[in-house]
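# Architecture at a glance
What follows is each chain in one-letter form.
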Amino acid sequence: MSKEFDEKLVYDILVVGAGPAGLTAAIYGTRGGKSVLVLEKLSYGGQIINTPEVENYPGAKRTSGFELATSMYEQAIELGAKMEFGEVVEIERCDEELPYFLVKTKNAIGEPGPDYEAKSIILATGVKSRELGLPREEQLTGAGISYCATCDGAFFRGKDVAVLGGGNTALEDAEYMAELAKKVYLVHRRNEFRGDEITVKRLAEKENVEFVLDSVPVEILGEPRVDGLKVKNVKSNEERVLEVEAIFVAFGRVADNQGFANLVDLNDAGFFNSGEDCVTKTQGVFVAGDAREKTRRQLVTATADGAVSAMAAIEYLHNLG
Ligand code: NAP
């Protein structure tokens, strides 16, 4: 593709995603003297925005995810980064004298949004919730099915609810819902939890929490809202209906990178192929945070990637001249 660029409108670095990785990239990019635009689909903060308590981010002792994300966002903006809301639908590399990128967006109601131009791109797109994979899941999302207990839990005060999964998110969601709901069923496919023992012990002591182990969900009940969940014991094959008005799915996170496969190779699980240098096969495109292949997905590893990717982009821009 060939296109005329107006240099004044071309950002040095365009960051996709305003989670901790993207915001850190914006901080490092602006401090490196570059013009930086951050494009975000929903709101800044990424996954941590829904984390009530963060106590493993060095220097912050104990804070909420919202406070920490807000502080990162304000820091990036005060340093001169710009932020716009819009979902990136396509990024094209323009093969002409200068290898710039054209970034196409759509707005929250799916209409075409503005195009943006940039000399380099940092993809910090994060991950999305793994779905249940049962019929009518999408239809009932928002009508009893939720992927975020801290966002939607308050709607189910005094009701019976199910939390699905055995990791720390499920355990913390169950703990959170135990304070609001009448009864919480914690459904897990094995008889051992993956999450921390200390939280399991606290949950076991709660009178309104019942562990439903060795069990998988097989059918969502209710129309037009959830009024039950059928689960099956994987050892006995026995089925049981949990009469719940909400199902909080906490099955972990999966990659959501197909839209960028033209620019960056994806591994078998759909994560961006890249090493710790955050560099990709496409010159001028860098990746950061949970969206890339890595063994540890933590707040601190995401912000580390933000710094590394921005410094790599700055070096690339200097070499570009
Ligand atoms: P996770 O640790 O990957 O756990 C996902 C859970 O969902 C697992 O128990 C898994 O079962 C279950 N699961 C996945 N797919 C399933 C399916 N199709 N059917 C039934 N069950 C399924 O995800 P997470 O809990 O969201 O945690 C992600 C990371 O964030 C972890 O490293 C976690 O420690 C961390 N985290 C930390 C904190 C904290 O430190 N306060 C809080 C939240 C999360 P199996 O166990 O059988 O695989």
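In this report, we go over the structure that sits alongside the text. (Residues numbered from 1 in each chain as written. Predicted model: local features only at pLDDT ≥ 70, side-chain atom pairs only at ≥ 80, totals over all residues. Heavy atoms only, no water.)

### Some remarks on the packing of aromatic side chains
Formally: Any two of the Phe, Tyr and Trp rings considered here, Trp counted by its six-membered ring, make a pair once their centres fall within 6.5 Å; the pair's planes then place it as stacked at under 30 degrees, edge-to-face at over 60, or tilted in between. The way it works is that DSSP assigns letters per residue, a run of H or I at least four long becomes a helix, a run of E at least two long becomes a strand, and they are numbered from the N terminus.
Going through the model one piece at a time under the given rule, you end up with five aromatic pairs. The interplanar angle of 5° and the centroid separation of 4.4 Å between the aromatic rings of Tyr-44 and Tyr-73 together place this pair among those described as stacked. In this pair, Tyr-44 is assigned in the loop between strand E2 (36–40) and helix H2 (65–78) and Tyr-73 in helix H2, connecting sequence segments 29 residues apart. When the ring of Phe-193 is compared with that of Phe-211, the centres are 5.1 Å apart and the planes differ by 70°; the resulting orientation is edge-to-face.

### A look at the nonpolar core
Among soluble globular proteins, nonpolar side chains are generally buried collectively. Counted only if it meets this: Among buried residues, the Ala, Val, Leu, Ile, Met, Phe, Trp, Tyr and Cys ones that are joined through side-chain atoms within 4.5 Å form a nonpolar core. Using a 1.4 Å probe on the protein chains alone, a residue whose accessible area is under 20% of its type maximum counts as buried, one over 50% counts as exposed, and one in between counts as partly exposed. Throughout, a contact is declared for two residues whenever any of their heavy atoms are within 4.5 Å.
Counting 31 residues, the largest nonpolar core has Ile-13, Val-15, Val-36, Val-38 and Ile-122 as the members making the most contacts within it. Secondary-structure elements contributing two or more residues to this core are strand E1 (10–16), helix H1 (20–31), E2, H2 and helix H7 (299–320). The element best represented in this core is H7, accounting for eight residues. When neighbours within four sequence positions are excluded, Val-15 is seen to be in contact with Gly-22, Ala-25, Val-36, Leu-37, Val-38, Leu-39 and Ile-122.

### So, the packing of helix H5 (residues 168–178) against helix H6 (residues 197–204)
Worth spelling out the cut-off: As a rule, the C-alpha atoms of each element are fitted with a line to give its axis, helices using only the stretch in contact, and angles between N-to-C directions run from 0 to 180 degrees. The cut-offs work like this: below 35 degrees is roughly parallel, past 145 is roughly antiparallel, 65 to 115 is roughly perpendicular, and the gaps in between are oblique. Handedness of a helix crossing follows the sense of rotation of the near helix relative to the far helix, less than a right angle counterclockwise being left-handed and clockwise being right-handed.
Contact geometry of H5 with H6 gives a least axis separation of 10 Å together with a crossing angle of 30°. The angle between H5 and H6 places the two elements in the roughly parallel class. You can see that H5 and H6 cross each other, and the crossing is left-handed. Here H5 contributes Leu-171, Ala-174 and Glu-175 to the contact with H6, which in turn contributes Thr-199, Val-200, Arg-202 and Leu-203.

### Here we look at the pattern of salt bridges
We count it as follows: Put simply, a salt bridge is a Lys or Arg side-chain nitrogen that is within 4 Å of an Asp or Glu carboxyl oxygen.
What the rule picks out here adds up to 15 salt bridges. A salt bridge links Arg-62 to Glu-55, with the nearest nitrogen and oxygen atoms 2.8 Å apart. Salt-bridge contacts for Arg-240 lead to Glu-210; the nearest nitrogen and oxygen are separated by 3.0 Å. Pair noted here: Arg-240 is in strand E14 (residues 239–242) and Glu-210 is in strand E11 (residues 209–212), with a separation of 30 residues, a long-range link. Residue class for Arg-240 comes out partly exposed when judged on its relative accessible area of 36%. When salt bridges with common partners are traced through the structure, they connect Glu-276, Arg-292, Lys-294 and Asp-305 into a single cluster.

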